[in-house]
Amino acid sequence: SNSSDLSPSFILAGLPGLEAAQCWLAIPLCSAYVLALAGNGAVLLAVRLEPSLHVPMYFFLCMLAAIDLALATATVPRTLSFYWFGSREIGFAACLLQMFLIHALSALESAVLLAMAVDRYVAICHPLRHAAILTSGATAKVGLLAAARAVLFFLPLPLLLLRLPFCGSRLLSHSFCLHQDVMNLACANTTPSVVYGLAAILLVMGLDAVLICLSYVLILKAVLRLAAWRERLKAFSTCVAHICAVLAFYVPLIGLSVVHRFGKDLAPPVYIIMGNIYILVPAVLNPIIYGVRTKQIQRRILSLLHVTDR
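Residues numbered from 1 in each chain as written. Predicted model: local features only at pLDDT ≥ 70, side-chain atom pairs only at ≥ 80, totals over all residues. Heavy atoms only, no water.

Caption draft 1: Highlighting the overall build of the chain. The helix and strand inventory of the chain stands at twelve helices and two strands. Mapped in sequence order, the helices and strands of the chain form the string β-α-α-β-α-α-α-α-α-α-α-α-α-α. For the chain, the C-alpha radius of gyration of 21 Å lies close to 19 Å, the compact-globule estimate for 310 residues. On the principal axes, the C-alpha backbone points of the chain span a range of 70 × 50 × 35 Å. A buried classification covers 46% of the 310 residues belonging to the chain. Across the chain, the fraction of contacts at a sequence separation of at least 24, relative to all contacts at a separation of at least 6, is 80%. For the chain, the accessible area works out to roughly 15300 Å², and carbon and sulfur atoms hold 72% of it. Between the centroid of the 21 positive side chains of the chain and the centroid of its 12 negative side chains there is a distance of 12 Å. (Helix = DSSP H or I, 4+ residues; strand = E, 2+ residues; numbered from the N terminus. Rg over C-alpha atoms; globule rule 2.2 N^0.38 Å. Buried < 20%, exposed > 50% of the residue type's maximum accessible area, 1.4 Å probe, protein only. Contact = heavy atoms within 4.5 Å. Areas by Shrake-Rupley, 256 points an atom, 1.4 Å probe, with all protein chains shown as cover. Lys, Arg positive; Asp, Glu negative; His and termini not counted. Charge placed at Lys NZ, Arg CZ, Asp CG, Glu CD.)

Caption draft 2: Main features of the state of the cysteines. In this structure the tally under the stated criterion is two disulfides. Through a disulfide, Cys95 is tied to Cys177; the S-S separation comes to 2.0 Å. Given an S-S torsion of about -120°, the disulfide between Cys95 and Cys177 has left-handed geometry. Of this pair, Cys95 sits in helix α3 (residues 92-125) while Cys177 sits in the loop between α6 (156-162) and α7 (179-183), placing them 82 residues apart in sequence. Overall, the relative accessible area of 0% leaves Cys177 in the buried class. Disulfide partner of Cys167: Cys187, at an S-S distance of 2.2 Å. Of this pair, Cys167 sits in the loop between α6 and α7 while Cys187 is found in the loop between α7 and α8 (191-224), placing the two residues 20 residues apart along the sequence. On the accessibility criterion, Cys167 (22% relative accessible area) is partly exposed. Overall, Cys187 belongs to the partly exposed group, its relative accessible area being 35%. (Disulfide = S-S within 2.5 Å.)

Caption draft 3: Spatial organisation of the environment of Arg163. Relative to the helices and strands, Arg163 is located in the loop between α6 and α7. Overall, Arg163 belongs to the exposed group, its relative accessible area being 60%. In the structure, Arg163 is positioned 88 residues away from Val251 in sequence and 33 Å away in space, judged by C-alpha atoms.

Caption draft 4: Representation of α3 in the model. A rise of 1.5 Å per residue sets the reference length of α3, with its 34 residues, at 50 Å; its end C-alpha atoms lie 49 Å apart and thus fit the reference within 8%. Of all 34 residues in α3, 26 are buried, a share of seventy percent or more. (Expected span 1.5 Å × (residues − 1).)

Caption draft 5: Geometry of the UniProt feature "transmembrane region" (unreviewed entry) in the chain. Here the UniProt feature "transmembrane region" (unreviewed entry) sits at residues 24-46, 58-84, 90-118, 130-155, 194-219, 239-259 and 271-292. Between the C-alpha atoms that bound residues 130-155 there is a distance of 34 Å. The span itself is 88% helix and 0% strand. (UniProt positions renumbered as here; feature names shortened; annotations may be inferred.)

Here it is as structure tokens:
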């Protein structure tokens, strides 16, 4: 269409040249989604049923699992309906809602990872004050503040796009809606959206990443002050699962950002693959990471499976 349209529909991106095989290529995507549902659901259930896990660290882990479930559910079912049933078109309102959910939930996950880093810092550097500082009430307040920050910072993104006309191509670069992807299809000045989107990312995810790094610098200094190597390893081993979760979130996020900023000449499937990695890798890996590192979660899940088998 060459005419301007304030409420367009958009076309989700498929895999060029592989349209006939998309129904088969969707099977790994569906498998990863089912694994994410099962893994994060198992973590939530294990923490709920195991009294020894009713501490701030695992409350934050439950928040992380719930966010991963919500983020995957906001994107993957719609992608699968496209791959299996050919439903490529997504309405303007639905696209903006999906875009807001992706960015807000990502900001929320970043905040929870920061809170978990602070929890590890207090537990290692101020162990005697840990129970007094990070109470259940404080954990709930942190979760509410993180949710409020995510909404306040990322609600303007779809509102800014509502003002823009869209004309010409409606084809997205991903199988779901992202702010920069939708914004690039507008046929008007997008400077306010560009500036605000970049500022929001830097002030939320960027600042969180800096604070997480700072917390680990302080943790490392405290660990190195311990006399025995065994004590150092034991103290730092409590952070391994969290470090893996941070990498599982930030590495795909940075990779997707680099692809959008500097990968203009890349083949279209690269955008689609990077987008799916960004959505699903944390959701799939986090339950595995914490399941392997936490014996209470292992025991509770194995006991549930045993009961089910009987």
